[in-house]
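Residue-level structural notes
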Amino acid sequence: QIEVWWDAQLPKARHWDDELEAAMVATPTILIVWSEAARASDEVKDEAFFARKLRKALPARLQPVDLPYRLDRIQRVEL
């Protein structure tokens, strides 16, 4: 069974950074789905680098986009 959590499940009126951090720390793997829009997003990059720091990052590319420096060296899934 695979459980999926994403930021649409963030509680209203809560500090999002704290909620995201707690969710990322609690999960065994963090799937980072890359597209042109994700590559342009500072928020996605911040989350990806935090996932890498936790050693839980699993990058997946939806489009042929270059991954940010340091994330390109992690084995990834091509979707």
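So, how was this worked out
- Residues numbered from 1 in each chain as written.
- Predicted model: local features only at pLDDT ≥ 70, side-chain atom pairs only at ≥ 80, totals over all residues.
- Heavy atoms only, no water.
- Helix = DSSP H or I, 4+ residues; strand = E, 2+ residues; numbered from the N terminus.
- Buried < 20%, exposed > 50% of the residue type's maximum accessible area, 1.4 Å probe, protein only.
- Contact = heavy atoms within 4.5 Å.
- Arc of directions from axis to C-beta.
- Patch = residues over 30% accessible without salt bridge, like charges linked within 9 Å, V, L, I, M, F, W, Y side chains within 5 Å.
- Areas by Shrake-Rupley, 256 points an atom, 1.4 Å probe, with all protein chains shown as cover.
- Salt bridge = Lys/Arg side-chain N within 4 Å of Asp/Glu carboxyl O.
- Pairing = 2+ DSSP bridges.

**Things to note about the overall build of the protein**
From N to C terminus, the protein includes 3 helices and 3 strands. Residue burial in the protein is summarised as follows: out of 79 residues, 28% are buried. A separation of at least 24 residues holds for 48% of the contacts in the protein among residues at least 6 apart in sequence.

**As for helix 1 (residues 16-26)**
All of the buried residues along helix 1 are Glu 19, Leu 20 and Met 24. Along the long axis of helix 1, the arc covered by the buried residues comes to 125°, so they all point the same way. For helix 1, the exposed residues set more than 90 degrees away from the buried face come down to Asp 18 and Ala 26. Where helix 1 is buried, its residues meet strand 1 (30-34) and helix 3 (42-53).

**Things to note about a nonpolar patch on the surface**
On the surface, Leu 31, Val 33, Leu 58 and Leu 62 cluster together to form a nonpolar patch covering roughly 320 Å² of accessible area. Mapping Leu 58 onto the fold places it in strand 2 (residues 57-61). We classify Leu 58 as partly exposed; its relative accessible area is 30%.

**Things to note about the pattern of salt bridges**
Going through the model one piece at a time under the given rule, you end up with 1 salt bridge. Residue Asp 42 is joined to Lys 45 by a salt bridge in which the shortest nitrogen-to-oxygen separation is 3.9 Å. Residue Asp 42 and its partner Lys 45 are located together in helix 3, separated by 3 residues, close to a single helical turn. Residue classification places Lys 45 among the buried positions, given a relative accessible area of 19%.

**Brief notes about the pairing of strand 2**
The element strand 2 is largely enclosed, with a buried count of 4 among its 5 residues. Where strand 1 meets strand 2, 5 bridges bridge the pair, whose relative direction is parallel. Bridging from a neighbouring strand, Leu 31 pairs with Leu 58 of strand 2.

The values reported here are purely geometric and, on their own, carry no functional implication.
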